[in-house]
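# Geometric and topological summary
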Amino acid sequence: MAPRLGTRVAWAVSGWGVSLLMAFPILWMALAAFKTETEAIATPPLLLFTPTLDNFSAVLERADYLHFFMNSIAISGGSTLLGIGLPAAYALAFFPGPRSKDILVWMLSTKMMPSVGVLVPMYLMFKSAGLLDTRIGLIGLYMLINLPIIVWMLFTFFREVPKEILEAARIDGARPLQQFWRLLLPLTAPGIASTALLSIILAWNEAFWSINLSASQATPLTAFIASFSSPEGLFWAKLSAASLLAIGPILVFGWFSQRQLVRGLTFGAVK
């Protein structure tokens with residue numbers, strides 16, 4: 001029993017250590033948000049200080065936070081609804097062709113190119129189409145950016161569903177659309193939910209394209225953070241406060257949906 005207890009304690013300590021290491025940047029940013037500018041850049045770093053809300057007041061006075069927040073919700077939610085990829089994943093999983101694997105690899109290969117490599121053509125395309133600084137433009141772009149990952153995840157979840165279930169429904173007279181809505185979607189609901197959550201998080205955190213393709217009307221919270229840097233330098237305390245305001249909603253959203261996310265990501269792991 002002792003070796004087992006020691007092993008369990010070691011694994012628990014290791015898990016907590018890794019978790020704290022991963023969360024350390026967020027914790028440090030949260031501390032800096034409640035410091036003055038002088039305290040935020042102090043050497044050595046101050047762990048004991050008098051918290052202040054002046055940074056949050058300055059951030060909210062300088063920028064319309066609600067405007068950026070609503071843009072982030074519209075863009076992340078809209079791109080997720082448009083790019084759920086259910087039909088493509090369904091066709092690739094249950095009606096594979098000789099090139100299905102090649103299509104999946106090709107879709108994933110589009111994620112390997114650095115975004116900056118296609119910035120100029122994308123900017124010119126957006127400009128000629130009148131989509132610069134528009135929600136519609138960013139929704140469409142984010143949908144295309146996340147679509148390969150979405151299709152791959154849904155394809156994996158669909159492959160976990162035994163084909164015999166759909167074949168039995170087909171024998172009973174169910175049409176493909178009825179099989180999809182009444183059998184496949186309920187069976188893979190956890191996987192679909194986790195895929196949608198991941199798409200929302202990826203779209204919420206996308207910064208490169210929002211900074212380069214928006215100016216004022218469609219700027220999400222990632223551009224809101226970048227606005228607190230200046231040629232004279234970085235205002236670390238105010239930048240931390242802006243970052244905390246930007247990631248706060250998605251952190252709360254992830255906290256309340258973590259059970260569904262874990263359930264979806266482990267879907268089909270144990271049979």
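Below is a short write-up of the structure. (Residues numbered from 1 in each chain as written. Predicted model: local features only at pLDDT ≥ 70, side-chain atom pairs only at ≥ 80, totals over all residues. Heavy atoms only, no water.)

### Quick notes on helix α7 (residues 119–129)
The periodicity of an α-helix, 3.6 residues per turn, causes residues three or four places apart in sequence to face the same way. All of the buried residues along α7 are L119, M122 and F126. Seen from one end, α7 has its buried residues packed into an arc of 70°, which puts them on one side. Summarising the geometry of α7, the exposed residues directed more than 90 degrees from the buried face are V120, L124, M125, K127 and S128. Elements that come into contact with the buried residues of α7 comprise α8 (135–159) and α12 (208–213). Looking one or two residues beyond α7, the residue adopting positive phi is G130, at roughly 70°. (Buried < 20%, exposed > 50% of the residue type's maximum accessible area, 1.4 Å probe, protein only. Helix = DSSP H or I, 4+ residues; strand = E, 2+ residues; numbered from the N terminus. Arc of directions from axis to C-beta. Contact = heavy atoms within 4.5 Å.)

### Digging into helix α3 (residues 54–62)
Along α3, the residues that are buried comprise N55, F56 and V59. Down the axis of α3, the sector holding all buried residues measures 95°, keeping them to one side. When the buried face of α3 is taken as reference, the exposed residues oriented beyond 90 degrees from it are D54 and E61.

### Here's the deal with the side chain of S199
For S199, the location among the structural elements is in helix α11 (residues 189–205). For S199, a relative accessible area of 3% puts it in the buried group. Engagement of the side chain of S199 in a polar contact is seen with the side chain of T80, the distance being 3.1 Å. (Polar contact = N/O pair within 3.5 Å; in protein donor to acceptor, adjacent residues only side chain to side chain.)

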